[in-house]
Amino acid sequence: MAKTQPESCGLGPAFQLIGGKWKALILWLVHTEPRRFGELKRLVPDISEKMLIQQLREMEADGLVHREIFHEVPPRVEYSATPLGQSLDEALGPLASWGKEHGAAIEARKAKSPGH
């Protein structure tokens, strides 16, 4: 017998697509202009190349990012947000504003708490 899920507040589907440390940031970086892999790597220096590749592949499979290959010498690949990715990025705007407003207080609280 299938388990019924409680009524969702709507965050579940969004966090399924951008959950984790990197996807929201990557989406934010490609939402205004196409970005090449090397450019993304420079803009997110703490991410490993392997993780960036994995995140971009997952985002492409989920329909958030479009990967375009230019058949040139040397070959060029650009990543851009799809309409679905654009709409998700717009929805994340208020969450980003909240983070900017409350980030310092959250970090201060973490620094005071034991174990941090």
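Above this text sits the structure in question.
Here the structure is a predicted model, which means the values were calculated and not measured.

1. Points about the overall build of the chain
The helix and strand inventory of the chain stands at 5 helices and 3 strands. Counted from the first residue to the last, the chain has its helices and strands arranged as α-α-β-α-α-β-β-α. Whereas a compact globule of 116 residues would reach a radius of gyration of roughly 13 Å, the chain reaches 17 Å, over 25% beyond that. Summarising its shape, the C-alpha atoms of the chain cover approximately 55 × 45 × 25 Å along the three principal directions.

2. Brief notes about the nonpolar core
Inside soluble globular proteins, nonpolar side chains tend to come together where they are buried. Among the nonpolar cores identified, the biggest contains 18 residues, and I26, L27 and L40 are the most heavily contacted of them. Mapped onto this core, the elements with two or more residues apiece are α2 (23-30), α4 (49-61), β3 (76-81) and α5 (83-112). Of all the elements, α2 adds the most residues to this core, at 4 residues. With near-sequence residues (within four places) excluded, L40 lies in contact with L29, V30, R35, L52, L56 and Y79.

3. Thoughts on the packing of α2 against α5
Following both chains from N to C, one finds α2 and α5 inclined at 110 degrees, their axes separated by 10 Å at the closest point. Regarding the angle of α2 to α5, the classification is roughly perpendicular. Considering only the axes of α2 and α5, their crossing is left-handed. Across the interface between the two elements, A24, L27 and W28 of α2 pack against G85, L88, D89 and L92 of α5. The class makeup of the residues in the contact of α2 with α5 is 5 nonpolar, 1 polar and 1 charged.

4. With respect to the layout of surface pockets
The computed volume of the largest pocket comes to approximately 460 Å³. If you trace the largest pocket, you find 13 residues lining it, with A24, L25, W28, L92 and A96 closest to the centre. Elements represented by at least two residues in the lining of the largest pocket include exactly α2 and α5. Ranked by residues supplied to the lining of the largest pocket, first place goes to α5 with 8 residues. Across the lining of the largest pocket, the residue classes break down as 6 nonpolar, 4 polar and 3 charged.

5. Observations regarding the sheet that holds strand β1 (residues 35-36)
Spatially, the 3 strands line up as an open sheet ordered β1-β3-β2, and their pairing is antiparallel. Of all strands in the sheet, those with a lone pairing partner are β1 and β2 (65-70), marking the two edges. Direction of pairing for β1 relative to β3: antiparallel, over a ladder of 2 bridges. Counterpart to R35 in the pairing with β3 is Y79.

What counts and what doesn't
Residues numbered from 1 in each chain as written. Predicted model: local features only at pLDDT ≥ 70, side-chain atom pairs only at ≥ 80, totals over all residues. Heavy atoms only, no water. Helix = DSSP H or I, 4+ residues; strand = E, 2+ residues; numbered from the N terminus. Rg over C-alpha atoms; globule rule 2.2 N^0.38 Å. Core = buried A, V, L, I, M, F, W, Y, C linked by side-chain atoms within 4.5 Å. Buried < 20%, exposed > 50% of the residue type's maximum accessible area, 1.4 Å probe, protein only. Contact = heavy atoms within 4.5 Å. Axes fitted to C-alpha atoms, helices over the stretch in contact; angles between N-to-C directions. Parallel < 35°, antiparallel > 145°, perpendicular 65-115°, else oblique. Left-handed = near helix turned anticlockwise from the far one by under 90°. Nonpolar A, V, L, I, M, F, W, Y, C, P; charged D, E, K, R; others polar. 1 Å grid on protein atoms, 1.4 Å probe; cavity = no way out; pocket = protein on both sides within 12 Å on 5 of 7 lines; lining within 4 Å. Points joined across faces, edges and corners; volume = space filled by probe spheres on them. Pairing = 2+ DSSP bridges.

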